[in-house]
Protein chains: 2
Amino acid sequence: MAARQYDMGNAELEVLKTLWDKGPATVRQVLKHLHDGGRHVAYTTAQTLLTRLEQKGFVKSDKSDLAFVYRARLSRDRVTRSRLRTLLTQLYDGAAGPLVLQLIRTEEFTSDEIEELQKMIERLDGQPKRRKSQ
Amino acid sequence: MAARQYDMGNAELEVLKTLWDKGPATVRQVLKHLHDGGRHVAYTTAQTLLTRLEQKGFVKSDKSDLAFVYRARLSRDRVTRSRLRTLLTQLYDGAAGPLVLQLIRTEEFTSDEIEELQKMIERLDGQPKRRKSQ
DNA sequence: GACTTCCTCCGACGCATGTAGTAGGTCTGG
DNA sequence: CCAGACCTACTACATGCGTCGGAGGAAGTC
């Protein structure tokens, strides 16, 4: 049982992603977005998901208008970091190397990203090794 | 509900990882390894996990000796790919760039890995863009 | 003022998963 | 042959999560 920080199910994550993509939204708006994305769930399902996210502190709501408006309290980056860390730990005892190598091998990138990557690698190369706080 | 290929829980994955790390093993050996790693579960728990993994086709067992010996039918790489793909989809609609960039930014690498990375990037840079089969 | 519409609250259900107990078989040392 | 150790099969149970239905309140519409 590792330190499971931002723990949520896939449906919950998808709802959170909606908020990242579209900004603050009501249940109905989130639902609309989910429908547009091909996920056909009931209104109350979206509502439950949002409510659970709020219980976990990942979103917050405020009722200014007729309906509650929900907004993310958790950034996409934080979740990414957390999930990556989990993956790393579960599969490679925390070593990031194999993962990156595989990502680069199997995925594709825009030339901008490649350029960016190159710069980062060069920087890495020059720098002394950091030790992870973990 | 994306094409959830290699679907298993964390405990199951940990058991599978044991098989990757230690090679084919009996329930007792897996259990020992889990205990060594600080996960104190009962014998039957390990057994259940292995059984479920087998039902899903991720490991297979054969009884040559006194006890069943389990071995992975699924490589670490395949699971990695699958999980990464899920992450990518869930967080970035499939774009790999942001993920890699963040990985490189937040994790650390051995000089060998950096070198390897450099080579891969260079190769990427020269090549025409691949289109993902998926 | 009754109808329709939308919203929130609460309860519920089924399946996956983590965890484990128990019954009953087998082997091995005395 | 009997006890202790070890193995497998089966059952069970709590929790998390995805999914919703229904009750009941607020708001605009004739």
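Figured I'd write up the structure that's included with this text. (Residues numbered from 1 in each chain as written. Chains lettered and ligands numbered in written order. Predicted model: local features only at pLDDT ≥ 70, side-chain atom pairs only at ≥ 80, totals over all residues. Heavy atoms only, no water.)

What to know about the interface of chain B and chain A
Applicable threshold: It only takes one pair of heavy atoms within 4.5 Å for two residues to be counted as in contact. Summed over both partners, buried area is the accessible surface (1.4 Å probe) that two parts give up on being assembled. Put simply, a salt bridge is a Lys or Arg side-chain nitrogen that is within 4 Å of an Asp or Glu carboxyl oxygen. Two N or O atoms count as a polar contact when they lie within 3.5 Å, although within protein this holds only if one can serve as hydrogen donor and the other as acceptor, and sequence-adjacent residues are included solely when both atoms are side-chain atoms.
Counting residues at the interface gives 51 residues for chain B and 51 residues for chain A. Across the interface of chain B and chain A, roughly 5400 Å² is buried in total on both sides, 61% from carbon and sulfur atoms. Among the residues chain B hides against chain A, the three largest losses belong to Gln90, Leu91 and Glu108 of chain B. Together they make up 12% of the total. Applying the counting rule to chain B against chain A returns four salt bridges. The closest approach of N and O atoms between Glu107 of chain B and Arg85 of chain A, which form a salt bridge, is 3.0 Å. One can count 14 residue pairs in polar contact (both at pLDDT 80 or more) joining chain B with chain A.

Some thoughts on the pattern of salt bridges
Residues and elements named next belong to chain A. Quick reminder of the rule: A helix here means a DSSP run of H or I that spans at least four residues, while a strand means a run of E at least two residues long, and both kinds are numbered starting from the N terminus. Per-residue accessibility, obtained with a 1.4 Å probe over protein chains only, is compared with the maximum for each type, and a residue is labelled buried under 20%, exposed over 50%, and partly exposed between these values.
One pass over the structure, following the stated rule, counts 16 salt bridges over all chains. The partner of Lys17 in a salt bridge is Asp21, and the shortest N-O contact between them spans 2.8 Å. Highlighted residues: Lys17 and Asp21, both in helix H1 (residues 10-22), separated by four residues, approximately one helical turn. Relative accessible area serves as the criterion here: at 9%, Lys17 is assigned to the buried category. On the basis of relative accessible area, Asp21 is assigned to the partly exposed category, the value being 34%. Residue Asp21 is joined to Arg76 by a salt bridge in which the shortest nitrogen-to-oxygen separation is 2.7 Å.

Quick look at the protein's contact with DNA strand C
Heads up, the condition is: Throughout, near means a residue has at least one heavy atom within 4 Å of the molecule or strand. Classes in brief: Ala, Val, Leu, Ile, Met, Phe, Trp, Tyr, Cys and Pro nonpolar; Asp, Glu, Lys and Arg charged; the others, Gly included, polar.
Neighbouring residues of DNA strand C: 25 residues in total, closest Arg28 of chain A together with Asn10, Ala11, Arg52 and Lys56 of chain B. Each atom of DNA strand C within 4 Å of the protein was classed as base or backbone; sugar and phosphate made up 59%. In the environment of DNA strand C, a base nitrogen lies 3.2 Å from a nitrogen or oxygen atom belonging to the side chain of Gln47 of chain A. Between Arg52 of chain B and DNA strand C, the recorded distance is 2.7 Å, taken from a side-chain N or O atom to a base nitrogen. The set of elements that each furnish at least two residues to the surface near DNA strand C consists of helix H2 (27-36) and helix H3 (43-55) of chain A together with helix H1 (10-22) and helix H3 (43-55) of chain B. Among the elements that make up the surface near DNA strand C, the one with the highest residue count is H3 of chain B (five residues). Along the lines of polarity and charge, the residues of the surface near DNA strand C split into eleven nonpolar, seven polar and seven charged.

Focus on the environment of Thr18 of chain B
All names here are of chain B. Inspection of the secondary structure puts Thr18 in helix H1. We classify Thr18 as buried; its relative accessible area is 3%. Sequence separation between Thr18 and Ala46 is 28 residues, and the spatial gap between their C-alpha atoms is 11 Å. The residues contacting Thr18, other than those within four sequence positions of it, are Gly23, Val30, His33 and Leu34.

Describing the relation of the copies chain B and chain A
Let me state the cut-off plainly: Least squares is used to superpose the copies, and the fit set is the C-alpha atoms of residues whose pLDDT is at least 70 in both copies.
Of the transformation placing chain B onto chain A, the axial shift is 0.0 Å and the rotation is 180 degrees, giving an RMSD of 0.1 Å. The superposition of one copy onto the other is thereby described by a two-fold rotation axis. Among all C-alpha atoms of chain B, that of Val100 of chain B lies closest to the rotation axis, at 3.3 Å. A share of 100% of interface residues in chain B that are also interface residues in chain A marks the association as one of identical surfaces.

As for a negative patch on the surface
Cut-off, in case you're wondering: Each patch is built from residues lacking any salt bridge and having more than 30% relative accessible area; the joining distance is 9 Å for like charges and 5 Å for nonpolar side chains (Val, Leu, Ile, Met, Phe, Trp, Tyr). Shrake-Rupley sampling with a 1.4 Å probe provides the accessible areas, and residues are treated as covered by the protein chains on show and by no other component. Charged residues are defined narrowly, with Lys and Arg counted positive, Asp and Glu counted negative, and His plus the chain ends left uncounted. For the purpose of locating charges, the reference atoms are NZ of Lys, CZ of Arg, CG of Asp and CD of Glu.
Side chains of Glu122 and Asp125 of chain A together with Asp112, Glu115 and Glu116 of chain B sit close together on the surface and give a patch of like negative charge. At the level of secondary structure, the elements contributing two or more residues to the negative patch comprise helix H6 (111-126) of chain A together with helix H6 (111-126) of chain B. Among the elements that take part in the negative patch, H6 of chain B stands out by supplying three residues, more than any other. For Asp112 of chain B, the location among the structural elements is in helix H6. Judged by its relative accessible area of 59%, Asp112 of chain B falls in the exposed class.

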